[in-house]
Amino acid sequence: MRRVEQVMGFPVSLRVDDERVPGAAVAAVFAWLHEADARFSPFRPDSEVCRLDRGETGPGEVSADLAEILALCEEYRVATGGAFDVRLPGRGLDPCAVVKGWSVQRAADLLRSAGVERFCLNAGGDVVTAGGPWRVGIRHPERADRICAVLDITDAAVATSACYERGAHILDARTGLPATGLLSVTIVAPTLTEADTTATAAFALGEEGVAWASARPGCEVFAVDSARRVLRTQRVPLAA
Amino acid sequence: MKRAIPVLVLTAVGLVPLWRYEPSTAASDDQVSAPARTVTPAPSASSSGGSGSSALVIEGSVVNTEKGHVQVEVTFEGDAISSVRMLQQPDHPQTTAAVPRLVEETLQAQSADIDTVSGATITSEGYKESLQAALDARDA
């Protein structure tokens, strides 16, 4: 089965290849993503994120989920020497870069715990798979109708960070300026939480982000720098 | 050799950041053990031999990092380091990845049979033109 729905401002497509598809689990996936959007979006004034940012919720009163998100944000801020930061000066709290991967990974976990063995969940270009191998194309950074590599992915996640869709929206928090060192960076990791956040953080770091991401445990990297060179780890699972 | 030892210590200490790649505020927690190095003059296996030069193999101190113990062995040919070998390294996944080996290639544009596409956050506008939309339509 396949289902496509607009959530969080981007299309989420779910493909399940199991013979028996638990409809309740599929419904729970999309319900959870809508819930995550309502609770953690910085663009919804009544979200938990906005209420915390306005001081209406005390730091000790945040939900366990939001505490987990904020802890991840802090972990990546420290790991990038401050290049990745969800609290930029003059801007509101914006944990989107963590929320997306984290919430889609949890959606995938709902499917797994319902016994679904073979699925591919793609949320706006970020992919979580179960079973496999799935052939995951990496979008060419300059041509929307082309790919620049194909990965064989089994029970793993793939995320790409780039500026071709929404312009230079990722800032290097060390300078406050848009990150420009890379055209795109794709991370393969055991979970989408790790893949998506590492991809965004590596993009914020720029050229040094390629080596940084490849040193993270469990991460494989396929990056295109501003000179259109591909830099990849040796073990990134390129399809034959 | 008197010159070699400071070089060794600097080398061993200099390698530590590779195992502590992740920027951290916990630097003060790391401790360098008391210098317990041994100096082992050894016949050179690799020198070309004609000049009678011999290699000097020195085991570095064991350095305790937050990832585990690090100890290197440095071989000198005269005053120059000819090789550095790990005697102990932390059993941590980051260790082997700490010095990333990257492959450089040229960017290719291709179309191929794929199940899905990974790309930067696709907006609705972008999605309409995207490969993923085509894939969704194909299987709908």
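Above this text is the structure in question.
Description of the structure in this document. (Residues numbered from 1 in each chain as written. Chains lettered and ligands numbered in written order. Predicted model: local features only at pLDDT ≥ 70, side-chain atom pairs only at ≥ 80, totals over all residues. Heavy atoms only, no water.)

**Structural notes on the overall build of chain A**
Within chain A one finds six helices and 12 strands. Scaling as 2.2 N^0.38, a compact globule of 240 residues should have a C-alpha radius of gyration of about 18 Å, and chain A matches this with 17 Å. Oriented by its inertia axes, the alpha-carbon framework of chain A measures out at about 50 × 45 × 30 Å. Across the 240 residues that make up chain A, the buried fraction comes to 58%. Pairs at least 24 apart in sequence give 57% of the contacts found in chain A among residues at least 6 apart. By element, 50% of the accessible surface of chain A is carried by carbon and sulfur atoms, the whole surface being about 9300 Å². (Helix = DSSP H or I, 4+ residues; strand = E, 2+ residues; numbered from the N terminus. Rg over C-alpha atoms; globule rule 2.2 N^0.38 Å. Buried < 20%, exposed > 50% of the residue type's maximum accessible area, 1.4 Å probe, protein only. Contact = heavy atoms within 4.5 Å. Areas by Shrake-Rupley, 256 points an atom, 1.4 Å probe, with all protein chains shown as cover.)

**Structural notes on the overall build of chain B**
Broken down by element type, chain B carries four helices and eight strands. Burial status across chain B gives 35% buried among its 140 residues. Considering only contacts in chain B between residues 6 or more positions apart, those separated by 24 or more positions represent 41%. Only carbon and sulfur atoms are counted for the fraction: they give 54% of the accessible area of chain B, which is about 8100 Å².

**Things to note about the nonpolar core**
Ranked by size, the top nonpolar core spans 63 residues in total, and within it Phe40(A), Phe119(A) and Ile187(A) carry the most contacts. With sequence-adjacent residues up to four places away left out, Phe40(A) is seen in contact with Trp32(A), Ser47(A), Glu48(A), Val49(A), Ser63(A), Asp65(A), Leu66(A), Ile69(A), Pro95(A), Val99(A) and Trp102(A). If you look at the next biggest cluster of nonpolar residues, it comprises 17 residues, including Trp134(A), Cys148(A), Val230(A) and Leu107(B). (Core = buried A, V, L, I, M, F, W, Y, C linked by side-chain atoms within 4.5 Å.)

**Considerations on the sheet that holds strand 12 (residues 229-233) of chain A**
In a beta sheet, neighbouring strands are held together by backbone hydrogen bonds and run either parallel or antiparallel to one another. Spatial ordering of the open sheet is given by 1(A)-2(A)-3(A)-4(A)-7(A)-10(A)-11(A)-12(A)-7(B), a layout of nine strands whose pairing is antiparallel. Because the sheet does not close on itself, it has two edges, and the strands there are strand 1 (2-7) of chain A together with strand 7 (102-106) of chain B. Across the sheet, the mean angle separating the axes of adjacent strands is 15° when strand polarity is ignored. Two elements, strand 7 (residues 157-162) of chain A and strand 10 (residues 182-189) of chain A, share six bridges in a ladder whose sense is antiparallel. When the bridges of strand 10 of chain A are listed, Thr160(A) appears paired with Thr186(A). Where helix 1 (residues 23-40) of chain A meets the sheet, it contacts strand 1 and strand 2 (10-16) of chain A, and its direction lies at approximately 10° from that of strand 1 of chain A. Its contacts with the sheet place helix 4 (residues 96-113) of chain A against strand 2, strand 3 (119-123) and strand 4 (126-130) of chain A, and it is angled at close to 155° to strand 3 of chain A. (Pairing = 2+ DSSP bridges. Axes fitted to C-alpha atoms, helices over the stretch in contact; angles between N-to-C directions.)

**Here's the deal with the interface of chain A and chain B**
Every contact between the two is made by 60 residues of chain A and, on the other side, 40 residues of chain B. A salt bridge links Arg15(A) to Asp115(B); the nearest nitrogen and oxygen atoms lie 3.5 Å apart. Considering each element in turn, the side of chain A that touches chain B owes the most residues, six residues, to strand 5 (residues 134-139) of chain A. Its residues assigned to classes, the side of chain A that touches chain B comprises 29 nonpolar, 15 polar and 16 charged. Sheet analysis places strand 12 of chain A next to strand 7 of chain B, joined by five bridges and oriented antiparallel. (Salt bridge = Lys/Arg side-chain N within 4 Å of Asp/Glu carboxyl O. Nonpolar A, V, L, I, M, F, W, Y, C, P; charged D, E, K, R; others polar.)

**A look at the side chain of Thr186(A)**
Mapped onto the secondary structure, Thr186(A) falls in strand 10. Residue Thr186(A) is classed as buried on the basis of its relative accessible area, which comes to 1%. In this structure the side chain of Thr186(A) is engaged in a polar contact, spanning 2.8 Å, whose partner is the side chain of Thr160(A). Residues in contact with Thr186(A), not counting those within four places in the same chain, are Ile138(A), Leu151(A), Val158(A), Ala159(A), Thr160(A), Glu220(A), Val221(A), Phe222(A) and Ser118(B). (Polar contact = N/O pair within 3.5 Å; in protein donor to acceptor, adjacent residues only side chain to side chain.)

Function-wise, these values are silent; they only describe arrangement.
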